[in-house]
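# Architecture at a glance
Residues per chain are reported as follows:
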Amino acid sequence: MPIISKYKFKSNLFFSPMESCSDVAIRTLCYEQGAALTYIEMIRAYALTKKKQRFLEKLDPSPNIRQGVQLAAVKVNELKKTLVMIKQKQLEQDPRFMHIETIDLNLGCPSPGLISEGGGVALLKRTNRVKELFEVLRTEWNGPVSAKIRLGMNQREKEKKVYLKILQKAEETGLDWITVHPKTVTDPSVGPIDLKALRECVDNTSLPIIGNGLVTDEASAQTMLKTGVKGIMIARAAVADPFIFKRIKHFLEAGKKLPLPSRQEYEQALKKYVERATQEKIPQY
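As the structure is a computational prediction, the values presented were derived from the model and not from experiment.

### Brief notes about the pattern of salt bridges
In this structure the tally under the stated criterion is 17 salt bridges. Measuring nitrogen to oxygen at the nearest pair gives 3.3 Å for the salt bridge that ties Lys 87 to Glu 140. With Lys 87 in helix 4 (residues 76-91) and Glu 140 in helix 6 (residues 127-140), this pair connects stretches of sequence that are 53 residues apart. For Lys 87, a relative accessible area of 26% puts it in the partly exposed group. Glu 253 is the salt-bridge partner of Lys 249, the closest N and O atoms lying 3.1 Å from each other. Of this pair, Lys 249 and Glu 253 both sit in helix 12 (residues 244-254), four residues apart, roughly one helical turn. Looking at Glu 253, the relative accessible area reads 58%, which means it is exposed. A cluster of three or more residues bridged by salt bridges with shared partners is formed by Lys 131, Lys 169 and Glu 172.

This is the structure we're talking about:
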């Protein structure tokens, strides 16, 4: 079932923004295999308005798929200026900004560099600032807007339930959904996610919650959906195997598993990826 009917997504499966991974080639493969929405990797908002080339090069939207971009922002005016710029560039039909449908605000990145700037997961405890950012996001962008969060920087913030306060602000400002990666920064990356906290998020907001983390097959997808989330965002498992979207989508709709792709299918997918990675480059100015 689509996450939000008014946006007519073809499934409730999203492809996550990932640094150095979420290029147009892999996003296209994932979309073709059943991902309803794909994300360009996180970009610092101020880097776009300052026209920093290495960040502009990350913008590689395609007219053939549905995609959004994830922004990292700390200052309200900074985010507003960036959103105004994106809209203007779309009016000018700049290919680097065309076909961006949705904007996601990053409140979960554990990068030490971003945290030192006060961004990413460091924003979770600054609820008033987060609300201001949400208000700008909702006011300045006409399409769907969302945010991706963790449970906190550490166990102390998790125990204070900073994540529930963020959900409240998101609901107050009218965001369309929230993606929750139910871990703190200090939790081991390969350790289990906190399904109990994920269910708590679902129970404490009327917004659709998208679950993220350690979904690698049909069984783990079904386990996550039992928490009440409306959709799933898949990250590393999709980079290794874009067919995961097709398999999970079929399992959720038909109740049975598809056979694993053949070696020939994997080779064809790799060939398509290489071709797109070399050909579908957005001109830079």
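### What to know about the packing of helix 4 against helix 6
Look at helix 4 against helix 6: their axes get within 9 Å of each other, and the N-to-C directions meet at 15 degrees. Between helix 4 and helix 6, the crossing angle belongs to the class labelled roughly parallel. The chirality of how helix 4 crosses helix 6 is right-handed. Residue-level contacts link Val 76, Leu 79, Lys 80, Leu 83, Val 84 and Lys 87 of helix 4 to Arg 129, Glu 132, Leu 133, Val 136, Leu 137 and Glu 140 of helix 6. Here the contact of helix 4 with helix 6 is composed, by residue class, of seven nonpolar, no polar and five charged.

Conventions and cut-offs
- Residues numbered from 1 in each chain as written.
- Predicted model: local features only at pLDDT ≥ 70, side-chain atom pairs only at ≥ 80, totals over all residues.
- Heavy atoms only, no water.
- Salt bridge = Lys/Arg side-chain N within 4 Å of Asp/Glu carboxyl O.
- Helix = DSSP H or I, 4+ residues; strand = E, 2+ residues; numbered from the N terminus.
- Buried < 20%, exposed > 50% of the residue type's maximum accessible area, 1.4 Å probe, protein only.
- Axes fitted to C-alpha atoms, helices over the stretch in contact; angles between N-to-C directions.
- Parallel < 35°, antiparallel > 145°, perpendicular 65-115°, else oblique.
- Left-handed = near helix turned anticlockwise from the far one by under 90°.
- Contact = heavy atoms within 4.5 Å.
- Nonpolar A, V, L, I, M, F, W, Y, C, P; charged D, E, K, R; others polar.

Function cannot be read off these values alone, since they describe shape.
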